[in-house]
Amino acid sequence: VIAYHQGLLLKPNYARSWSNLAIAHANLGQHEDAARFYLSSLVLNPDATHIWNFLHSAVLNIPDGINSGDMKAIDERNLAAATKAFPGVLDPKMLPKRAEELPQPAEEVLRSIGVLDM
């Protein structure tokens with residue numbers, strides 16, 4: 001998850017990184033976050049049929065579900081309506097400026113969470 005966030009700092013308009021981040025969150029059982037990141041990927045590449053399918057699966061796994069109108073928007077692949085169902089979906093007009101370098105080296109982040117030996 002950290003690596004995808006870092007990658008998005010370097011290239012925020014890369015749809016595949018948004019969808020991979022969504023997959024990572026889905027695998028962690030964080031389905032609302034997964035849905036938000038799938039939608040962010042779809043904002044950049046709305047024709048990605050497989051991402052619509054992943055989004056549908058993520059939404060079905062949200063414990064409290066979503067309202068029927070939002071589910072209908074997803075089923076109909078209505079991106080404008082679907083993005084309103086989850087706060088924090090990427091706004092393509094407000095893409096962050098691409099970073100030239102990471103604010104923290106990857107090794108430092110991995111050490112801080114115990115993945116690399118000190």
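Residues numbered from 1 in each chain as written. Predicted model: local features only at pLDDT ≥ 70, side-chain atom pairs only at ≥ 80, totals over all residues. Heavy atoms only, no water.

(A) Focus on the overall build of the protein chain. Secondary structure summary: the protein chain contains 7 helices and 0 strands in total. In sequence order, the secondary structure elements of the protein chain are arranged as α-α-α-α-α-α-α. In the protein chain, which comprises 118 residues, the share counted as buried stands at 33%. Taking as baseline every contact in the protein chain between residues at least 6 positions apart, the subset at least 24 positions apart corresponds to 53%. Counting every atom, the protein chain has about 7300 Å² of accessible surface; 51% of that belongs to carbon and sulfur. (Helix = DSSP H or I, 4+ residues; strand = E, 2+ residues; numbered from the N terminus. Buried < 20%, exposed > 50% of the residue type's maximum accessible area, 1.4 Å probe, protein only. Contact = heavy atoms within 4.5 Å. Areas by Shrake-Rupley, 256 points an atom, 1.4 Å probe, with all protein chains shown as cover.)

(B) Layout of the packing of helix H4 (residues 49-60) against helix H5 (residues 68-75). Following both chains from N to C, one finds H4 and H5 inclined at 160 degrees, their axes separated by 10 Å at the closest point. Comparing their axes, H5 and H4 come out roughly antiparallel. With respect to the hand of their crossing, H4 and H5 are arranged in left-handed fashion. Of H5, the residues touching H4 (which contributes Trp52, Leu55, His56, Val59 and Leu60) are Met71, Ile74 and Asp75. Looking at the contact of H4 with H5 residue by residue, the class counts come to 6 nonpolar, 1 polar and 1 charged. (Axes fitted to C-alpha atoms, helices over the stretch in contact; angles between N-to-C directions. Parallel < 35°, antiparallel > 145°, perpendicular 65-115°, else oblique. Left-handed = near helix turned anticlockwise from the far one by under 90°. Nonpolar A, V, L, I, M, F, W, Y, C, P; charged D, E, K, R; others polar.)

(C) Representation of the packing of aromatic side chains within the structure. If you walk through the whole model with that rule in mind, you get 2 aromatic pairs. Ring geometry for Tyr38 versus Phe54: centroids 5.9 Å apart, planes at 40 degrees, classification tilted. Placement of Tyr38 in helix H3 (residues 31-44) and of Phe54 in helix H4 is noted, with a sequence separation of 16 residues between them. The class for Tyr38 is buried, based on a relative accessible area of 4%. (Phe/Tyr/Trp six-rings, centres within 6.5 Å; stacked < 30°, edge-to-face > 60°.)

(D) Molecular detail of helix H2 (residues 15-27). Along its 13 residues, H2 runs 19 Å from first to last C-alpha, staying within 8% of the 18 Å computed at 1.5 Å per residue. Every buried residue belonging to H2 is among Ala15, Ser17, Trp18, Ser19, Leu21, Ala22, Ala24, His25 and Ala26, and all of these are buried. Where H2 is buried, its residues meet helix H1 (2-10), H3 and H4. Looking one or two residues past H2, Gly29 carries a phi angle of roughly 80 degrees, positive in sign. (Expected span 1.5 Å × (residues − 1).)

(E) View of the side chain of Ser40. Its place among the elements puts Ser40 in helix H3. Judged by relative accessible area, Ser40 falls into the buried class, the value being 0%. A polar contact of 2.9 Å, which involves the side chain of Ser40, links it to the backbone nitrogen of Leu90. In this structure Ser40 touches Trp18, Gly88, Val89 and Leu90, once residues within four positions along its chain are discounted. (Polar contact = N/O pair within 3.5 Å; in protein donor to acceptor, adjacent residues only side chain to side chain.)

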